[in-house]
Amino acid sequence: MIGTVSRAAEVLKAADNIIILTHRRPDGDTAGSAGALCLALRKLGKKAFVASNSEITRRYASLIVPYAPYDGFEPDFVVSVDCADRGMIPAEMAQYAQHVDLVIDHHRSNEGFGTDNLVMGHRAACAEIICAVIEEMGISLDSSIAEGIYVGASTDTGCFKFSNTTSNTHLVAAKCLDAGVDGGEINRALFETKSRARYEIEGMLFSGMRFYHDGKIAIALITREAKQKTGADWDDLDAIAGIPRQIEGVEVGLTLTELDNGDTKVSVRTTKEVDASAICTQVGGGGHIRAAGATLHCGSEEAIRRMLEVTERVYAGETA
């Protein structure tokens, strides 16, 4: 662990005119953490905002869009949440990213790029850390703050079923439920409801799945053509990276997505036999032991070749 909850709470209570940064292609954890922290700081009378993120999808927009800064706002204090490194901060936030006063994160690979850093790699979600910081500041959870925390905790644990889920995750979720969050409705909306585009692209993904290493490695590719044909956007692709790992016998699931600029986004999900972060760090990415990612500056077929080479090497090392 880098830093302490008490130190993070101390510097936040002393700050004002605060801007909160989320990462590229924001998920439920970064959006929920940012929104919850912003609301908590406002309860202390702080002027706090969440920096506008043009990549936010409709699924998570309500968690941060209402807290966008007004034109001309000049922050005195910058916080990043759920950002493993400075490179995860969107280019549109570059004016803030060069000097981050406080980093709050749960990625083990985060070496601390802020003036103060609170990195707790043993927590399943950044939202768990945000909950602790909010409580340390003496702020009680209300239903609005708790909603962001619950979304963050539930999405980063796959509705509390991934192996990263701990007793603390459940304790944080219980606090959110006690604060008035409708967990059943959130779970239904996030984990049971799918758009037609999502169903169609899942069908393409399954039909084109490639298997290697005696079926222990599965690779799925989402092409630009598939996205165009189905009309799928990033909201439709949320959490799709977990599908290859669901197949019996698969221990490493790699999902590659062709980006409009020619790059290829890679998401890696593993079982307990293999370290996903060890795979992604070899291609300039990072993340968690069971879930990690990277962006390769090449086409999808070259990306598949490189990822398979790295994965088989790491796999051999893990199982030797």
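To be clear, the structure that these remarks concern was listed above.
Described below are features of the structure shown in this document.

Cut-offs used in this document
- Residues numbered from 1 in each chain as written.
- Predicted model: local features only at pLDDT ≥ 70, side-chain atom pairs only at ≥ 80, totals over all residues.
- Heavy atoms only, no water.
- Phe/Tyr/Trp six-rings, centres within 6.5 Å; stacked < 30°, edge-to-face > 60°.
- Helix = DSSP H or I, 4+ residues; strand = E, 2+ residues; numbered from the N terminus.
- Lys NZ or Arg CZ within 6 Å of the ring centre and 35° of its normal.
- Axes fitted to C-alpha atoms, helices over the stretch in contact; angles between N-to-C directions.
- Parallel < 35°, antiparallel > 145°, perpendicular 65-115°, else oblique.
- Contact = heavy atoms within 4.5 Å.
- Nonpolar A, V, L, I, M, F, W, Y, C, P; charged D, E, K, R; others polar.
- Core = buried A, V, L, I, M, F, W, Y, C linked by side-chain atoms within 4.5 Å.
- Buried < 20%, exposed > 50% of the residue type's maximum accessible area, 1.4 Å probe, protein only.
- Pairing = 2+ DSSP bridges.
- Arc of directions from axis to C-beta.
- Lys, Arg positive; Asp, Glu negative; His and termini not counted.
- Salt bridge = Lys/Arg side-chain N within 4 Å of Asp/Glu carboxyl O.
- Polar contact = N/O pair within 3.5 Å; in protein donor to acceptor, adjacent residues only side chain to side chain.

## Re the packing of aromatic side chains
Following the criterion strictly, the structure yields four aromatic pairs and no others. Between Phe-49 and Tyr-70, the aromatic rings sit 5.5 Å apart at their centres with planes inclined by 90 degrees, giving edge-to-face as the arrangement. Within this pair, whereas Phe-49 is found in strand 2 (residues 48-50), its partner Tyr-70 is found in the loop between helix 3 (61-64) and strand 3 (77-81), the two being separated by 21 residues in sequence. Seen from the ring of Trp-234, Arg-25 lies directly overhead, with NZ or CZ sitting 5.6 Å from the centre. Across the ring face of Phe-162, the terminal group of Arg-245 is positioned such that the distance to the ring centre comes to 5.2 Å.

## Re the packing of helix 5 (residues 126-136) against helix 6 (residues 143-155)
Two elements in contact, helix 5 and helix 6, have axes whose closest approach is 8 Å; the angle formed by their N-to-C orientations is 150 degrees. Relative to helix 6, the element helix 5 lies roughly antiparallel. On the side of helix 5, the interface is formed by Ala-127, Cys-131 and Ile-134, while helix 6 contributes Ile-145, Ile-149, Gly-152 and Ala-153. When its residues are assigned to classes, the contact of helix 5 with helix 6 shows six nonpolar, one polar and no charged.

## Describing the nonpolar core
Counting residues in hydrophobic clusters, the biggest one holds 56 residues, and the most contacted among them are Ile-20, Leu-37, Val-79, Ile-134 and Ile-149. Aside from chain neighbours lying at most four places away, what touches Leu-37 is Leu-12, Ile-20, Val-79, Val-81, Ile-104, Ile-130, Ile-134 and Met-137. Ile-219, Val-274, Met-307 and Val-314 belong to the second-largest nonpolar core, a separate cluster that totals 23 residues.

## Things to note about the sheet that holds strand 3
Two strands in a sheet stick together by hydrogen bonds in their backbones, pointing the same way (parallel) or opposite ways (antiparallel). Pairing in this open sheet of five strands is parallel, and the strands run 2-1-3-4-5 from one edge to the other. If you trace the sheet from one side to the other, it starts and ends with strand 2 and strand 5 (116-119), each paired once. Taken pair by pair, the neighbouring strands of this sheet meet at an average axis angle of 15 degrees, ignoring direction. As paired strands, strand 1 (residues 18-21) and strand 2 are joined by three bridges and run parallel to one another. Bridge pairing links Ile-18 to Ala-48 in strand 2. Running over the sheet, helix 5 touches strand 3, strand 4 (102-105) and strand 5 and is turned about 125 degrees from strand 4.

## Topic: helix 8 (residues 183-192)
Listing the buried residues of helix 8 in full gives Gly-183, Ile-186, Asn-187 and Leu-190. Seen along its axis, helix 8 keeps its buried residues to an arc of 100 degrees; they face one direction. Across helix 8 from its buried face, at more than 90 degrees, point the exposed residues Gly-184 and Glu-192. Buried-residue contacts for helix 8 involve helix 6 and helix 7 (167-178).

## A closer look at the sheet that holds strand 9 (residues 264-270)
Across the sheet, six strands lie side by side as 6-7-8-9-11-10; this open sheet has mixed pairing. Looking at the sheet topology across the chains shown, the edges are occupied by strand 6 (210-212) and strand 10 (286-287). Inspection of the sheet shows strand 8 (residues 252-258) paired to strand 9 by seven bridges, in the antiparallel sense. Of the residues in strand 9, the one forming a bridge with Thr-257 is Lys-265.

## Structural notes on the side chain of Asp-156
Note on placement: Asp-156 falls in the loop between helix 6 and helix 7. Here Asp-156 occupies a buried position and makes no salt bridge, while the nearest side chain of opposite charge, Arg-269, is found at 7.6 Å. For Asp-156, the side chain forms a polar contact with the side chain of His-106, separated by 3.2 Å. When near neighbours in sequence (up to four residues on either side) are disregarded, Asp-156 contacts Asp-27, Asp-29, His-106, Ala-124, Ala-125, Phe-162 and Asn-164.

## Focus on the pattern of salt bridges
The final tally for this structure, using the stated rule, is 17 salt bridges. Among the salt bridges present, the one from Glu-200 reaches Arg-196, with a minimum N-O distance of 3.0 Å. Separated by four residues within a single helix, Glu-200 and Arg-196 lie in helix 9 (residues 196-207), roughly one turn from each other. You can call Glu-200 partly exposed: its relative accessible area is 32%. A residue is classified by how much of its surface remains accessible, and Arg-196, at 68% relative accessible area, is exposed. Across the pair Glu-202 and Arg-198 runs a salt bridge, and its minimum N-O distance is 2.7 Å. Separated by four residues within a single helix, Glu-202 and Arg-198 lie in helix 9, roughly one turn from each other. One salt-bridge network, in which partners are shared between bridges, spans Arg-58, Arg-59, Asp-233, Asp-235, Asp-236 and Asp-238.

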